[in-house]
Amino acid sequence: MPNGLSRARRRERPAARAEGRLHGVVLPARAQVGDLIPLEVAGRKTLALVERADVAAWDLGEPAGEDLDQIFARRVTAAIERRRRVLPPDLTVYRAVHDAGDALPGIAVDVYGAVAICQCYGRAFRRHADSLARALRAYFGAVRVVERGPRGRSGSLDRWYGDPIREQIVNELGLRFRVRFDENKLGSGLYADQRPQRCELRARAAGQRTLNLFGYAGGFTVAAAVGGALQVDHVDSSRSCLRWASDNLALNDLDPRRHRFIEEDARAFARRARRRGERYGIVVVDPPTFALGATPFRVARDLGPLLADCCALLADRGLLLVSSNARGLNWQRLAAIARDAARASGRPAAITAATGQGDDYPYLDPAGALHHLKALWLRMVEG
Ligand SMILES: C[S@@+](CC[C@H](N)C(=O)[O-])C[C@H]1O[C@@H](n2cnc3c(N)ncnc32)[C@H](O)[C@@H]1O
C-alpha cells in the first residue's frame with residue numbers, strides 16, 4: 001500500500017512544474033485536492049482523484065458516467081459481495097476492500113464483526129469521507145473513516161458514522177479475539193493479513209513448546225495454544241499487550257496459567273534464553289518495521305542478530321516462522337537474513353515454505369502481492 005497513486009515529480013520539466021502533470025497529461029491548473037477530474041493517460045481515458053494539486057492523483061479508471069458517490073457505492077458493494085461469496089461464514093474479521101485490487105486505490109477497509117474501519121492513504125479522501133461511509137453503512141452498523149497518519153496513528157480525518165464501538169469479539173475460523181478501536185490509534189489487536197500464517201501455525205503446534213516474540217494481543221499465541229502447543233512463551237515489551245493476549249486465551253476456553261506472558265525486549269529475551277540453553281519446537285518472529293521504546297527496534301538493523309539467537313533456540317527439526325510487511329525488505333533479502341542467521345547459529349537449516357496474505361487481498365499487478373506480507377518457514381535440519 002498504497003498502489004495506484006500516480007505521481008509526477010515537480011523537477012520533471014519546467015512546463016510540468018507550471019501546470020502539473022500526471023503521466024504526461026497536464027492537470028488543470030485549478031485542480032484542487034479531492035477533485036475528481038477526467039484525464040487521458042497514454043491514450044486511455046480515466047478519472048483521477050487529485051491527491052496533490054498539480055502533481056499526483058489516484059487513478060480511478062475508465063469513467064462510466066458516474067459521480068464519486070456512485071463510484072464508491074458500486075465498487076464497495078462489488079468488493080464486499082465478492083468476499084461474501086468466497087469467505088467462510090465463521091470468519092468475521094477480514095479485509096473487505098484492498099486498494100487498486102478492488103478498483104479503489106488508496107483505500108483499505110477492514111471488517112471486525114459489525115464494524116468497518118476504512119483507512120484512507122491520502123488527503124484526497126478528506127472531502128469524501130461521508131460518501132465512503134454511506135457505501136459501507138449499507139453493510140455495517142458502525143463505520144470509522146480514518147486517514148493514515150505516521151507510526152500507527154490516525155491522521156487529521158478520524159470520524160465514526162453510527163455510534164462509535166470501542167470493542168468487538170471477532171471469529172477467525174473458530175479462534176476468538178477481542179479487538180479494540182482506540183482513539184488516535186489504528187492497531188486493533190489483530191492483523192487480518194496474518195490469517196494464513198495463524199492457520200498454518202495452529203496446524204503445526206501440537207505438542208510443541210512455542211515462543212512468540214512481539215506477541216501483541218496474542219494472534220499467534222492463541223493459534224498455537226488452540227493447536228495444542230505444550231506451552232507458549234508470549235514476549236512483548238508492553239504490559240497492556242500481555243494482559244490483552246492472556247484475556248484472548250481465556251476467551252478461547254484456554255487456561256492462561258499454562259502459558260507464560262513475559263514483559264521484555266524481544267532481543268534481550270532471546271539472548272538470555274540462548275545463554276540458558278533453552279529449546280523450542282517453534283519460534284514466531286513477526287516484528288514491527290520500526291518501534292520506539294526504551295530500546296527502539298528497527299527491522300533492517302535488528303532482525304539478523306535476533307534471528308541468529310532464535311535459530312540457536314530451536315530444537316532439532318524445530319520450525320522458525322519469520323514475517324515482515326516492511327516494503328524495504330523483499331523476499332530475497334528476508335531469505336538471506338534467515339539463512340545467514342541459521343549459519344551464524346552454527347545449525348543447518350532449510351527454508352521450507354513462503355506464505356503471505358490471503359484471498360481477501362487482491363492485487364491489480366501480481367508484483368503488489370509480492371511486496372505485501374512476506375512470511376518464511378525455516379526448518380532446522382539434523383546433522
Ligand atoms: C506489529 S505488532 C506485532 C504483531 C504481532 N506479531 C501479531 O501477530 O499480531 C508490534 C508489537 O511489538 C511490540 N514491540 C515493539 N518493540 C518491541 C520490542 N523491542 N520487544 C518486544 N516487543 C516489542 C509492541 O508492543 C507490539 O505489541
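Please read these numbers as outputs of a predicted model, since none were measured by experiment.

A. Inspection of the overall build of the protein chain at higher detail. Scanning the protein chain from terminus to terminus reveals 10 helices and 22 strands. What you see for the protein chain is a C-alpha radius of gyration of 22 Å, in line with the 21 Å of a compact globule of 383 residues. When the backbone C-alpha atoms are referred to their principal axes, the protein chain occupies close to 65 × 45 × 40 Å. For the protein chain, with 383 residues in total, the buried portion stands at 46%.

B. Region of the structure containing the environment of Leu 320. You can see Leu 320 is positioned in strand E20 (residues 314-324). On the basis of neighbour counts, which here come to 25 C-beta atoms within 10 Å, the residue Leu 320 falls in the buried class. Sequence spacing of Leu 320 and Val 284 is 36 residues, and the spatial spacing of their C-alpha atoms is 6.0 Å. Not counting residues up to four positions away in its chain, the partners in contact with Leu 320 are Val 283, Val 285, Cys 310, Cys 311, Leu 314 and Leu 378.

C. Seen up close, the site of the ligand. Around the ligand there are 18 residues in total, and Tyr 216, Ser 238, Ala 266, Asp 286 and Ala 291 lie nearest to it. Considered class by class, the residues forming the shell around the ligand number 10 nonpolar, five polar and three charged.

D. Expanded view of unusual backbone geometry. One non-glycine residue, Asp 99, lies in the positive phi region at around 55 degrees. Its place among the elements puts Asp 99 in the loop between strand E7 (93-98) and strand E8 (107-112). Overall, the presence of 27 C-beta atoms within 10 Å leaves Asp 99 in the buried class. Its identity is not glycine, yet Ala 103 carries a phi of approximately 60 degrees, on the positive side.

E. The domain arrangement of the protein chain, seen in detail. The domain architecture assigned to the protein chain consists of domain 1 (5-61), domain 2 (68-172) and domain 3 (191-380). Averaged C-alpha coordinates put domain 2 and domain 3 at centres separated by 28 Å. Every contact between the two is made by 12 residues of domain 2 and, on the other side, eight residues of domain 3. Of all the secondary structure elements, the ones that give two or more residues to the side of domain 2 that touches domain 3 are helix H2 (68-86) and E7. The leading source of residues in the side of domain 2 that touches domain 3 is E7, at four residues.

About the thresholds
- Residues numbered from 1 in each chain as written.
- Predicted model: local features only at pLDDT ≥ 70, side-chain atom pairs only at ≥ 80, totals over all residues.
- Helix = DSSP H or I, 4+ residues; strand = E, 2+ residues; numbered from the N terminus.
- Rg over C-alpha atoms; globule rule 2.2 N^0.38 Å.
- Buried ≥ 20, exposed ≤ 12 C-beta atoms within 10 Å, placed from the backbone.
- Contact = placed C-beta atoms within 7 Å.
- Near = placed C-beta within 6 Å.
- Nonpolar A, V, L, I, M, F, W, Y, C, P; charged D, E, K, R; others polar.
- Domains from an automatic or database assignment.

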